[in-house]
Amino acid sequence: MTNGDILIKVEGLHKKFTINGHEELHVLKGIDQEIRKGEVVTIIGPSGGGKSTFLRCLNLLEEPDEGKIFFEGVDITDKKVNINEHRQKMGMVFQHFNIFSNLKVGENITMAPVLLKKKTKEEAEKLCDELLERVGLLDKKNEYPSRLSGGQRQRLAIVRALAMEPDVMLFDEPTSALDPEMVGEVLQVIKDLVNTGMTCLIVTHEMGFAKEVSHRVLFIDDGIIAEEGTPQQIFNDPKNPRTKEFLSKVLY
Amino acid sequence: MNFGSNIIMVLQRYGHLFLKGTLITLAFSAVAVTGGVIFGGILALMRLSEFHITIKGKKIKPLSIISTAYVEVIRGTPILLQLYVFYFFIPSALSFLNLSKFASISLALIFNSAAYVAEIFRSGIDAVDHGQMEAARCLGLSRNQALMKIVLPQAIKNILPALCNEFVAMIKETSLASTFFAGDIMTTYKTVNGALFLVIEPLIIIAVIYFALTFTLSKVVAVFERRMKTSD
């Protein structure tokens, strides 16, 4: 399961948003967490509870107001740290895919590794073919992404992140924007990825999936981790009344 | 009075002036928009710049403020006023430059066009889905790399047609340069009107020329725009 090393460590994370210039929204109210190498952690909870914000803070897409985030032992909230270098090792997959529409399918994958000099053009092309093959998109390599379905786009987004050979993958509601018949194909790709031993943090509303793949489940509500535990503990025997209430609404 | 024969007579005697006026109008517009693209591009970069200083805990972006202020002032004052400033004030204030009439009017048009072009750039870039920038940053690209590789190539599709429209608008705006007898088509009208004491005939001729120029260009832009959309 996990081999013990701490990959990400979060200490006292707070995040506030300002709306209309003055009103403050306290989204994260002190989160402490340790993610170990090889762990698969799913994050569940009601909308607006702070799940996505927590995930987006981990690679500093949102800058925390308070607290520290250590990635592979380095405090990435330190202003002196070059975040771009660390982001190369943290893959991210978005709800709305965010496939680069000006680049062909293959270029979506090879652009970053080549530009950031992680790979030569030839190496990147070779890896690109392998990755596209893996998610069944090799025949689309030279097409523009506008011709892809939602499910295909999300599969492409996953391998685009994998092309940087990250140490952790962050999934921000990867199936929420998909048509129902395409959810399965994307979840399958994530399951295959989990089986390779990749460390994954997955914000999701797919409870069955969370139960099946995760080692640990975090229930985030109102800006804090209200409950955490193994999938069995959380889904079969939740302790916190808010967890119980949430699960009673989503598991029907 | 015979309109038809008068128009023919005007064209026969002053046809070369109308042609010259048309060319000068096009030259003014081309210079204004070209200069406007360069200067407007700089303004847009300043506007988007993240460079900031912190005063009393507040983030202030001086480059962005300067650019915004410039755009607001230029867009909030009449182009004729700007022409007056450049025609009378700048050449005397900077007399060592020895600015010609064409140069000072061109400068006024460039400084005017730059403000509109800056807005075209900014809105073109803003129209690109923010997720594109986020996805690029998540792969480890710097802000500039993400802008160059991902955001700008997509923004160009919004920017180019709007720039062509700015050129069309400029063709009409240059008529104001005739205030200073700059040699554009409107100046041709004034010359012919003064020589022949005819009003309607030369006006109809220049109206047809302006309309032919702008209508043709707009149609070309429309075709161009449709092409860009299909490549999506």
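Only a predicted model underlies this, so the values are computations on that prediction, with no experimental measurement involved.

## Details of the overall build of chain B
- A count of helical and extended segments in chain B gives 8 helices and 2 strands.
- Traced from its N-terminal end to its C-terminal end, chain B shows the element sequence α-β-β-α-α-α-α-α-α-α.
- A compact globule built from 232 residues should have a C-alpha radius of gyration of about 17 Å, whereas chain B, at 22 Å, is more than 25% larger.
- Overall size of chain B, expressed as C-alpha extent along the three principal axes, is 75 × 50 × 25 Å.
- For chain B, the residues scored as buried account for 43% of the 232 residues in total.
- Intrachain contacts of chain B at a sequence separation of at least 6 include 73% that bridge at least 24 residues.
- Summing over all exposed atoms, chain B offers an accessible surface of approximately 12200 Å²; the carbon and sulfur share of this is 69%.
- Taken together, the 20 basic and 12 acidic charged side chains of chain B have centroids lying 3 Å from each other.

## Observations regarding a nonpolar patch on the surface
- A surface patch of nonpolar side chains, about 490 Å² in accessible area, is lined by Phe3, Val199, Ile200, Leu203, Ile204 and Val208 of chain B.
- Here the nonpolar patch gets 4 residues from one element, more than from any other, and that element is helix H8 (residues 200-230) of chain B.

## Overview of the pattern of salt bridges
Residues and elements named next belong to chain A.
- Enumeration over the complete set of coordinates arrives at 24 salt bridges over all chains.
- With its nearest N and O atoms 3.7 Å apart, the salt bridge here joins glutamate 34 to arginine 36.
- Given the relative accessible area of 30%, arginine 36 is considered partly exposed.
- Salt-bridge contacts for glutamate 72 lead to lysine 89; the nearest nitrogen and oxygen are separated by 3.4 Å.

## A short note on the sheet that holds strand S8 (residues 199-203) of chain A
All names here are of chain A.
- The strand order across the open sheet formed by 6 strands is S6-S7-S8-S3-S9-S10, and the pairing between neighbours is mixed. The open sheet terminates on both sides in strands that have one partner only, identified here as strand S6 (90-93) and strand S10 (224-229). Averaged over all pairs of adjacent strands, the angle between strand axes in this sheet comes to 20 degrees, irrespective of strand direction.
- One ladder, built from 4 bridges, connects strand S3 (residues 40-44) with S8; its direction is parallel. When the sheet's bridge partners are listed, threonine 42 is paired in S8 with isoleucine 202.
- Helix H9 (residues 241-250) rests against S3, strand S9 (216-221) and S10 of the sheet, and its axis sits at about 95 degrees to S9.

## Topic: the pairing of strand S2 (residues 23-36) of chain A
Residue and element names in this part refer to chain A.
- Bridge count for strand S1 (residues 6-19) against S2 is 11 bridges, and the pairing is antiparallel. Residue pairing across strands places isoleucine 19 opposite glutamate 23, the latter belonging to S2.
- Remark: 3 residues form the turn of the hairpin made by S1 and S2, two consecutive strands paired antiparallel; asparagine 20 in that turn has positive phi of roughly 50 degrees.

## Examining the side chain of threonine 110 of chain A
Residues and elements named next belong to chain A.
- When you line up the elements, threonine 110 lands in helix H3 (residues 105-115).
- Given the relative accessible area of 7%, threonine 110 is considered buried.
- Beyond its immediate stretch of four places on either side in the chain, threonine 110 contacts Ala124, Glu125 and Cys128.

What counts and what doesn't
- Residues numbered from 1 in each chain as written.
- Chains lettered and ligands numbered in written order.
- Predicted model: local features only at pLDDT ≥ 70, side-chain atom pairs only at ≥ 80, totals over all residues.
- Heavy atoms only, no water.
- Helix = DSSP H or I, 4+ residues; strand = E, 2+ residues; numbered from the N terminus.
- Rg over C-alpha atoms; globule rule 2.2 N^0.38 Å.
- Buried < 20%, exposed > 50% of the residue type's maximum accessible area, 1.4 Å probe, protein only.
- Contact = heavy atoms within 4.5 Å.
- Areas by Shrake-Rupley, 256 points an atom, 1.4 Å probe, with all protein chains shown as cover.
- Lys, Arg positive; Asp, Glu negative; His and termini not counted.
- Charge placed at Lys NZ, Arg CZ, Asp CG, Glu CD.
- Patch = residues over 30% accessible without salt bridge, like charges linked within 9 Å, V, L, I, M, F, W, Y side chains within 5 Å.
- Salt bridge = Lys/Arg side-chain N within 4 Å of Asp/Glu carboxyl O.
- Pairing = 2+ DSSP bridges.
- Axes fitted to C-alpha atoms, helices over the stretch in contact; angles between N-to-C directions.

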